[in-house]
Amino acid sequence: MISKSAYNTKANKLGLQFSSNARTAWGHIINSLSKDKKVTLLLPAYIGRNDKEGSGIFDPVLEYDTNYEFYKLNEDLSVDILDLINKIKSGCIDVILVVHYFGFCRSDMNVIQKLCKDNHVILVEDCAHAFHLGRTNQVLGNYGDFSFYSVHKYLATASGGVLKTNNPSIKLPNFDGDKKMEYTVLESYSNSNFQEIARIRRDNYLFYCKHLKTNNHLEIMFNLEVDDIPQTFPIKIKNGLRERLYFFLLENDMPTVALYYRMIEELSSVDFPTSFAISDQILNLPVHQDTNESDILKLVDGINNFFNSVN
Ligand SMILES: Cc1ncc(COP(=O)(O)O)c(C=O)c1O
């Protein structure tokens, strides 16, 4: 019989589940994969913690009591592929987490995906900073067996996360209770124009580039490429001045963040000097959709005034 209305509840789905935040989604992945045995996670060696928010990446790892190891990152926070291969070859890795820091991915995800497939390792993409959901031809967030997102880092909501399943052969249970996204956040998510938000963030990013590219006291971490949607404008501050600049801007009503100024204590500066060097220099300037060109010019002035005052 021909049905007069659609009846297949499973077809044409995007594989999304809506959670209270990104760490809940990540914890849900870890917990679900740990049901039969204790899993070993391979994590990137750039993970921070602060007193207010804890560690979005590492707290779920501790909560579900897994084994873990770290792999090295390069100066642009891309994956050190040789180190990743060496660690995978040890044979005990079950899950690899790749983080697209600040919305940028300069790793070859096709290579990483193949490595994971060939070695029967589950790949998870942390897209907490890389909100590519709703994009036509979305690429980032589709490499992993799973990816997860932080809605409140992208939209003006107090909470919200998304878990995306790309490998339908691994079924995760639904979120329940307070792990679910709040209804008002879901409304905001459904009602947001992601293309427009991405456009504003990209425009803001380019505006910073134009005004900061000749500043010798700092290094712009990434040139904006066609597929990038920036979460912030990350710069490296030279000559050990990051801390002072951060407080100078704060005192002048220009709060910024430094992701991550303090690393988790499980990471050692001897094993991962590149990560610690980034941590000492990083400063993230706002590019969000409620920032405009005059805000950016103020920040640029603030930064210039600071360097003039220390010279
Ligand atoms: C890279 C990264 N992943 C995951 C998280 C967790 O995000 P949420 O605050 O939505 O749990 C954060 C932030 O804490 C983060 O910076």
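Because the structure is a prediction, the values reported are computed rather than measured.

As for the pairing of strand β3 (residues 67-71)
Moving on, step 1. Where strand β2 (residues 40-44) meets β3, five bridges bridge the pair, whose relative direction is parallel. Bridging from a neighbouring strand, T40 pairs with N67 of β3.
Moving on, step 2. Traced from β2 through helix α2 (residues 58-63) to β3, the parallel crossover comes out right-handed.

Some details on the pairing of strand β1 (residues 16-19)
Every regular strand shows the same layout, with side chains that alternate between the two sheet faces.
Moving on, step 1. Judged by which residues are buried, β1 turns out to be one-sided: Q17 and S19 face inward and are buried, whereas L16 and F18, on the alternate face, are not.
Moving on, step 2. Examined bridge by bridge, β1 and strand β7 (residues 161-165) share four bridges and lie antiparallel to one another. Note that in β7 the partner of F18 across the bridge is V162.

What to know about the layout of surface pockets
Moving on, step 1. Roughly 1300 Å³ of volume is contained in the largest pocket.
Moving on, step 2. E53, K153, Q231, V257 and L259 are the residues nearest the centre of the largest pocket, which is lined by 47 residues in total.
Moving on, step 3. For the lining of the largest pocket, the elements supplying multiple residues, two or more each, are α1 (22-33), β6 (146-150), α6 (194-212), α7 (242-251) and β10 (282-286).
Moving on, step 4. With four residues, the single largest contributor to the lining of the largest pocket is α7.
Moving on, step 5. Its residues placed into classes, the lining of the largest pocket shows 21 nonpolar, 15 polar and 11 charged.
Moving on, step 6. In terms of domain composition, the lining of the largest pocket takes at least three residues from each of domain 1 (16-190) and domain 2 (194-310).
Moving on, step 7. Put simply, the second largest pocket is a space of about 460 Å³.

Some words on the site of the ligand
Moving on, step 1. The local shell around the ligand holds 14 residues, among which R23, D126, H129, S150 and H152 are the closest.
Moving on, step 2. Contact between the ligand and A22: an oxygen atom at 2.9 Å from a main-chain N or O atom of the residue.
Moving on, step 3. At a separation of 3.0 Å, an oxygen atom of the ligand approaches a polar side-chain atom of Y260.
Moving on, step 4. Expressed as a share of its isolated accessible area of 390 Å², the protein-covered part of the ligand is 95%.
Moving on, step 5. The pocket occupied by the ligand, as judged from atoms lying within 2 Å of grid points, is the largest pocket.
Moving on, step 6. Taken together, the residues of the shell around the ligand break down into five nonpolar, five polar and four charged.

Considerations on the domain arrangement of the chain
Moving on, step 1. According to the domain assignment, the chain consists of domain 1 (16-190) and domain 2 (194-310).
Moving on, step 2. A separation of 24 Å is found between the C-alpha centroids of domain 1 and domain 2.
Moving on, step 3. Counting residues at the interface gives 36 residues for domain 1 and 37 residues for domain 2.
Moving on, step 4. Across the domain 1 to domain 2 interface the summed buried area is about 3300 Å²; carbon plus sulfur atoms make up 60%.
Moving on, step 5. Interface area lost by domain 1 to domain 2 is led by Y46, F102 and Y154, which between them contribute 23%.

Conventions adopted
Residues numbered from 1 in each chain as written. Predicted model: local features only at pLDDT ≥ 70, side-chain atom pairs only at ≥ 80, totals over all residues. Heavy atoms only, no water. Pairing = 2+ DSSP bridges. Helix = DSSP H or I, 4+ residues; strand = E, 2+ residues; numbered from the N terminus. Right-handed = clockwise from strand over helix to strand, strands pointing away. Buried < 20%, exposed > 50% of the residue type's maximum accessible area, 1.4 Å probe, protein only. 1 Å grid on protein atoms, 1.4 Å probe; cavity = no way out; pocket = protein on both sides within 12 Å on 5 of 7 lines; lining within 4 Å. Points joined across faces, edges and corners; volume = space filled by probe spheres on them. Nonpolar A, V, L, I, M, F, W, Y, C, P; charged D, E, K, R; others polar. Domains from an automatic or database assignment. Near = heavy atom within 4 Å. Polar contact = N/O pair within 3.5 Å; in protein donor to acceptor, adjacent residues only side chain to side chain. Areas by Shrake-Rupley, 256 points an atom, 1.4 Å probe, with all protein chains shown as cover. Sits in = over half its atoms within 2 Å of the grid points. Contact = heavy atoms within 4.5 Å. Buried area = accessible area lost by both parts, 1.4 Å probe.

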